[in-house]
Amino acid sequence: MSNKPKRFLRPSNFGGLAPGAEAVNLSEVIDPDPRVGREIRDLRKARGATLTDLSNETALSPGYLSQIENGKAVPSVKALHTISQALGVTISWFFSPQSGDSETLRDFVVRASNRRRLEFKNGIVDELLSPNLSRKLEMLKCTFPPGTSSGREPYQHEGEEAGLVISGTLDLWIGDTHVELSAGDSFAFESHLPHRYENRSDQDTIVVWSITPPSY
């Protein structure tokens, strides 16, 4: 893959996952979801990466990766670990959480206890509220500790995004416009506009974010 994926929610997350975030106790998870190939494909596309990009990053052949994505091959735990590192998630992303819900319901509903969660080195925590990344829209719950931000420089990407500040405050810059948002405030803008954001307060800020297309 190139040095950075073509699409990503925040440049700050390029620093990678928090220490220990990649660890997973395989005794606490069940067999890989039979839909694991689809999960890999959707995440790869959300990252803006091709099969060749992923192959270059993992040293797994494009043909083998294609077979995995199309459900014609079952990846080993080692292969999944390599793929997860390349795509910037934990290996547990590809394992089914323990749940009493039916397979069909899991395509529409995410239980609070079963959210996919990523913690980054800078302290930002993302929780995926959408059941998967196969649709045109994704929802995230983002927690910004004091002092965290999207980075010093504004950035741009395709699509649109909107959000609702659940708690705390968020400073948001869109082009030359700056606004301080408080709990209950919401926003929306086209993502091709240069933008950045920062929690300049001394408490956590929580934002529910909607993004299209998915860029988890």
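Here the structure is a predicted model, which is why all the values come from computation and not from measurement.

Parameters and conventions
- Residues numbered from 1 in each chain as written.
- Predicted model: local features only at pLDDT ≥ 70, side-chain atom pairs only at ≥ 80, totals over all residues.
- Heavy atoms only, no water.
- pLDDT = per-residue confidence, 0-100.
- Contact = heavy atoms within 4.5 Å.
- Helix = DSSP H or I, 4+ residues; strand = E, 2+ residues; numbered from the N terminus.
- Buried < 20%, exposed > 50% of the residue type's maximum accessible area, 1.4 Å probe, protein only.
- Lys, Arg positive; Asp, Glu negative; His and termini not counted.
- Salt bridge = Lys/Arg side-chain N within 4 Å of Asp/Glu carboxyl O.
- Pairing = 2+ DSSP bridges.
- Axes fitted to C-alpha atoms, helices over the stretch in contact; angles between N-to-C directions.
- Phe/Tyr/Trp six-rings, centres within 6.5 Å; stacked < 30°, edge-to-face > 60°.
- Lys NZ or Arg CZ within 6 Å of the ring centre and 35° of its normal.

Another point: the confidence of the model for the chain. Taken residue by residue, the chain gives an average pLDDT of 85. The fraction at 70 or more is 85%. Predicted confidence is poor over residues 1-8, with pLDDT under 50, and the contacts of this stretch with residues over four places away or in other chains come to 26 contacts.

This part is about the side chain of glutamate 138. In this structure, glutamate 138 sits in strand β3 (residues 138-144). Although buried, glutamate 138 forms no salt bridge, and the nearest oppositely charged side chain, arginine 47, lies 7.4 Å from it.

Let us look at the sheet that holds strand β7 (residues 186-190). Across the sheet, 6 strands lie side by side as β1-β2-β3-β9-β4-β7; this open sheet has antiparallel pairing. Every other strand in the sheet has two partners, leaving β1 (116-119) and β7 as the edge strands with one partner each. This sheet shows a mean twist of 20 degrees between the axes of neighbouring strands, independent of strand direction. In terms of strand pairing, strand β2 (residues 125-128) meets β3 through 4 bridges, oriented antiparallel. From the neighbouring strand, valine 125 faces β3, where its bridge partner is threonine 143.

Only one face of β1 is buried: it carries Arg116 and Leu118, and the other face, with Arg117 and Glu119, is open. In this sheet, β2 lies alongside β1 in antiparallel orientation, the contact comprising 4 bridges. Counterpart to glutamate 119 in the pairing with β2 is valine 125. Two successive antiparallel strands, β1 and β2, enclose a turn made up of 5 residues, where glycine 123 displays a positive phi of approximately 100 degrees.

Next up on the list: the packing of aromatic side chains. Applying the stated rule across the entire model yields 6 aromatic pairs. Geometrically, the ring pair formed by phenylalanine 187 and phenylalanine 189 is stacked, given 6.2 Å between the ring centres and 25 degrees between the ring planes. Centroid distance phenylalanine 187 to tryptophan 209: 5.2 Å. Interplanar angle 70 degrees. Geometry classified as edge-to-face. Of the two residues, phenylalanine 187 sits in strand β7 while tryptophan 209 sits in strand β9 (residues 205-212), which places them 22 residues apart along the sequence. On the basis of relative accessibility, which here comes to 0%, the residue tryptophan 209 falls in the buried class. One aromatic cluster is present, formed by Phe144, Tyr155, Phe187, Phe189, Tyr197 and Trp209 through successive ring pairs. Over the ring of tryptophan 173 we find arginine 196; its NZ or CZ atom is 3.8 Å from the centre of that ring.

Our next topic: the pattern of salt bridges. A full pass over the atoms with the stated rule returns 8 salt bridges. The salt bridge involving glutamate 39 is made with arginine 116; its shortest N-O contact spans 3.1 Å. Placement of the pair is glutamate 39 in helix α1 (residues 36-46) and arginine 116 in strand β1, with a sequence separation of 77 residues. Glutamate 39 sits in the buried class, given a relative accessible area of 9%. Residue arginine 116 is classed as buried on the basis of its relative accessible area, which comes to 16%. Across the pair glutamate 127 and lysine 141 runs a salt bridge whose closest N-O atoms are separated by 3.9 Å. Of this pair, glutamate 127 sits in strand β2 while lysine 141 sits in strand β3; the two residues are 14 residues apart in sequence, bridging distant segments of the chain. Taking the relative accessible area as the measure of exposure, glutamate 127 reaches 12% and is therefore buried. Classification of lysine 141 as partly exposed rests on a relative accessible area of 24%. A network of salt bridges, in which partner residues are shared, links Arg115, Glu127 and Lys141.

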